[in-house]
Amino acid sequence: MSFATSWGLEMTGRRLHVLTALSAGCAGVLFGFGLLLGGMANPEKVLGFFDIAGKWDPSLALVMVGAIAIGVPAYALASSRGRSFLELPIDKPTRQTLDKRLVLGSAGFGIGWGLAGICPGPAFVLLGAGSVKGMVFFAFMLLGFALFEWLDRSR
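About the cut-offs
- Along every chain, residues carry numbers that run from 1 in the direction the sequence is written.
- Side-chain atom pairs in this predicted model are given and counted only at pLDDT of 80 or more, local residue features only at pLDDT of at least 70, and totals for whole chains, interfaces and linings cover all residues.
- No hydrogens and no water enter the side-chain calculation; it runs on all heavy atoms of the structure.
- Put simply, DSSP H or I for four residues or longer makes a helix, DSSP E for two residues or longer makes a strand, and each gets a number counted from the N terminus.
- We compute the radius of gyration over the C-alpha atoms and compare it with the globule rule, which gives 2.2 Å times the number of residues raised to the power 0.38.
- A simple rule labels every residue: compare its accessible area, found with a 1.4 Å probe on the protein chains alone, to the largest value its type can have, and call it buried under 20%, exposed over 50%, or partly exposed in between.
- Only one rule defines a salt bridge in this text: a Lys or Arg side-chain nitrogen within 4 Å of an Asp or Glu carboxyl oxygen.
- Every definition here rests on a 1 Å grid over the protein atoms only: cavities are sets of points where a 1.4 Å probe fits but cannot get out, pockets are open sets enclosed by protein on both sides within 12 Å along at least five of seven lines, and lining residues have some atom within 4 Å of a point.
- Grid points are joined across faces, edges and corners, and a volume is the space filled by probe spheres set on the points.
- By the convention adopted, Pro, Cys, Tyr, Trp, Phe, Met, Ile, Leu, Val and Ala count as nonpolar, Lys, Arg, Asp and Glu as charged, and the other residues, Gly among them, as polar.
- Between the rings of Phe, Tyr and Trp (Trp by its six-membered ring), a pair exists once the centres lie within 6.5 Å; its type follows the angle of the planes, with under 30 degrees stacked, over 60 edge-to-face, and the other angles tilted.
- Angular values range over 0 to 180 degrees, each being the angle between N-to-C directions of two axes fitted as lines to C-alpha atoms, with helices fitted over their stretch in contact.
- By the definition adopted for this analysis, an angle is roughly parallel if under 35 degrees, roughly antiparallel if over 145, roughly perpendicular if from 65 to 115, and oblique otherwise.
- Every residue pair with non-hydrogen atoms within 4.5 Å of one another is taken to be in contact.
- A patch consists of residues exposed above 30% relative accessible area that lack any salt bridge, with like charges linked at up to 9 Å and nonpolar side chains (Val, Leu, Ile, Met, Phe, Trp, Tyr) linked at up to 5 Å.
- In this description, accessible areas are obtained by the Shrake-Rupley approach with a 1.4 Å probe, and a residue is regarded as covered only by the protein chains that are shown.

*Asks:* Whenever I open this one, the overall build of the protein chain confuses me. Can you help?
*Replies:* Secondary structure assignment for the protein chain yields seven helices and zero strands. Put simply, the protein chain runs from its N terminus to its C terminus through helices and strands in the order α-α-α-α-α-α-α. Over its C-alpha trace the protein chain gives a radius of gyration of 19 Å, far above what one expects of a compact globule, namely 15 Å for 155 residues. Across the 155 residues of the protein chain, 19% fall into the buried class.

Here's what the structure looks like:
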């Protein structure tokens, strides 16, 4: 018996969409709260973490270790189940090779994160908080997405 059916939830049609949206919303709020609590939504704190030659702030390393400690068992559980608690399929990456797109994308992400102290998750938090720096970053992030799509289609 699945988690959803054990609660008497019939997983068809509109109810499935509502439950999926609610669970995604709850996960997003929890994630955003974790980013705020851990300091990951504070660009100055993130840049302090990257400044290993200056005033290095190692506190974000503890946040990352905590995230890994929660993420690894959760990923193992999800992998063993094959379906979510709402009985939806779990799509895991199947490709296990490094290619130029992955390496360049990772490098671009890291460079952007190191320059601005913001990555996509905290960008949403900063956008919601009304941060001007977050709004500018978010706008350029969307521009980068659009540029990637345009370049990808033109290949």
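*Asks:* Even after reading the chapter, I still don't get the pattern of salt bridges, so can you show me in this structure?
*Replies:* Here the idea is simple: oppositely charged side chains can pair when their charged atoms come close. Under the counting rule described, the total for this entry stands at seven salt bridges. Note that Arg 101 and Asp 152 form a salt bridge whose closest N and O atoms lie 3.4 Å from each other. Linking Arg 101 in helix 5 (residues 100–116) with Asp 152 in helix 7 (residues 132–154), this pair joins segments that are 51 residues apart in sequence. We classify Arg 101 as partly exposed; its relative accessible area is 42%. Here Asp 152 falls in the partly exposed class, since its relative accessible area comes to 27%. Connected through shared salt-bridge partners, Arg 81, Arg 83 and Glu 87 make up one network.

*Asks:* Can you walk me through the layout of surface pockets in this structure?
*Replies:* A probe as big as a water molecule, rolled over the atoms, marks out the empty space that is left. Estimates place the volume of the largest pocket at around 800 Å³. Lining the largest pocket are 21 residues, and of these Gly 105, Gly 108, Phe 109, Gly 144 and Phe 148 sit closest to its centre. Among the elements that take part in the lining of the largest pocket, helix 5 stands out by supplying nine residues, more than any other. Looking at the lining of the largest pocket residue by residue, the classes come out as 13 nonpolar, four polar and four charged. Each pocket or cavity is described by its volume, and for the second largest pocket that value is around 480 Å³.

*Asks:* When you look at the packing of aromatic side chains in this model, what are you seeing that I'm missing?
*Replies:* Each aromatic ring pair is described using two quantities: the centre-to-centre distance and the angle formed by the ring planes. Enumeration over the complete set of coordinates arrives at five aromatic pairs. With 6.4 Å between their ring centres and 35° between their planes, Phe 49 and Trp 56 make a pair best called tilted. Phe 49 gets classed as buried once you look at its relative accessible area, which sits at 14%. Ring geometry for Phe 109 against Trp 113: centres 5.9 Å apart, planes inclined by 45°, an arrangement best described as tilted. Placement of both Phe 109 and Trp 113 in helix 5 is noted, with a separation of four residues, approximately one turn of the helix.

*Asks:* How should I be thinking about the packing of helix 3 (residues 43–50) against helix 4 (residues 59–81) in this particular structure?
*Replies:* The relative placement of two packed helices comes down to the angle between their axes together with the axis-to-axis distance. For the pair helix 3 and helix 4, the least separation of the axes is 8 Å and the interaxial angle reads 95°. Of the possible angle classes, the one that applies to helix 3 and helix 4 is roughly perpendicular. The residues of helix 4 that touch helix 3, namely those facing Lys 45, Val 46 and Phe 49, are Ser 59, Leu 60, Ala 61 and Met 64. Residues belonging to the contact of helix 3 with helix 4 are distributed by class as follows: five nonpolar, one polar and one charged.

*Asks:* What should I look at first to understand a nonpolar patch on the surface in this one?
*Replies:* Residues Val 132, Val 136, Phe 140 and Leu 143 make up a contiguous nonpolar surface patch of roughly 420 Å² in combined accessible area. Note on placement: Val 136 falls in helix 7.

Keep in mind that these numbers describe shape and distance, not what the molecule does.
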